[in-house]
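Letter by letter, the chains look like this.
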Amino acid sequence: MSEDALRTAVATATHDLSNTLGAVVNYTTFLAEDLAGAGIAPEYLPHLQNAAQRALDLVAGLAAALAGDAERD
């Protein structure tokens, strides 16, 4: 695989993963709002939101590193 093809594949993967993780963050937020005061284990949702946000931050870091590498070439 050429370096350009690898960059394209990684860029596509980071974009897709970012979209997926963004959905997890957003829908857990919606769920937490819907369950507020319902007593149905909403205390677990912040853990899921935090984990998804950390993963989203990692993906953003990978994308930034990829963009930085592309600019140096």
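Residues numbered from 1 in each chain as written. Predicted model: local features only at pLDDT ≥ 70, side-chain atom pairs only at ≥ 80, totals over all residues. Heavy atoms only, no water.

1. Side note on the overall build of the protein
From N to C terminus, the protein includes 2 helices and 0 strands. In terms of overall dimensions, the protein is more spread out than a globule: its C-alpha atoms have a radius of gyration of 17 Å, far above the 11 Å expected for 73 residues. Within the span of the protein, comprising 73 residues, buried residues form 19% of the whole. Split by element, the accessible area of the protein, about 5200 Å² in all, is 62% carbon and sulfur. (Helix = DSSP H or I, 4+ residues; strand = E, 2+ residues; numbered from the N terminus. Rg over C-alpha atoms; globule rule 2.2 N^0.38 Å. Buried < 20%, exposed > 50% of the residue type's maximum accessible area, 1.4 Å probe, protein only. Areas by Shrake-Rupley, 256 points an atom, 1.4 Å probe, with all protein chains shown as cover.)

2. So, helix H1 (residues 3-35)
For an α-helix, 3.6 residues make a turn, and residues three or four places apart therefore share a direction. Its 33 residues give H1 an end-to-end C-alpha distance of 47 Å, which sits within 8% of 48 Å, the value for a rise of 1.5 Å per residue. When we look at burial in H1, the residues that qualify are Arg7, Thr14, Leu21, Gly22, Val25, Thr28 and Leu35. Those residues of H1 hidden inside the fold are in contact with helix H2 (45-72). Following H1 by one or two positions, glycine 37 has its phi on the positive side, about 80°. (Expected span 1.5 Å × (residues − 1). Contact = heavy atoms within 4.5 Å.)

3. A word on the packing of H1 against H2
At a closest axis distance of 9 Å, the pairing of H1 and H2 adopts a crossing angle of 155°. With respect to their mutual orientation, H1 and H2 come out roughly antiparallel. The two elements H1 and H2 cross, and the hand of that crossing is left-handed. (Axes fitted to C-alpha atoms, helices over the stretch in contact; angles between N-to-C directions. Parallel < 35°, antiparallel > 145°, perpendicular 65-115°, else oblique. Left-handed = near helix turned anticlockwise from the far one by under 90°.)

4. Some remarks on the packing of aromatic side chains
With the rule as written, the count across this model stands at 1 aromatic pair. Geometrically, the ring pair formed by tyrosine 27 and phenylalanine 30 is edge-to-face, given 5.5 Å between the ring centres and 85° between the ring planes. Here tyrosine 27 and its partner phenylalanine 30 are both found in helix H1, 3 residues apart, which amounts to about one turn of the helix. (Phe/Tyr/Trp six-rings, centres within 6.5 Å; stacked < 30°, edge-to-face > 60°.)

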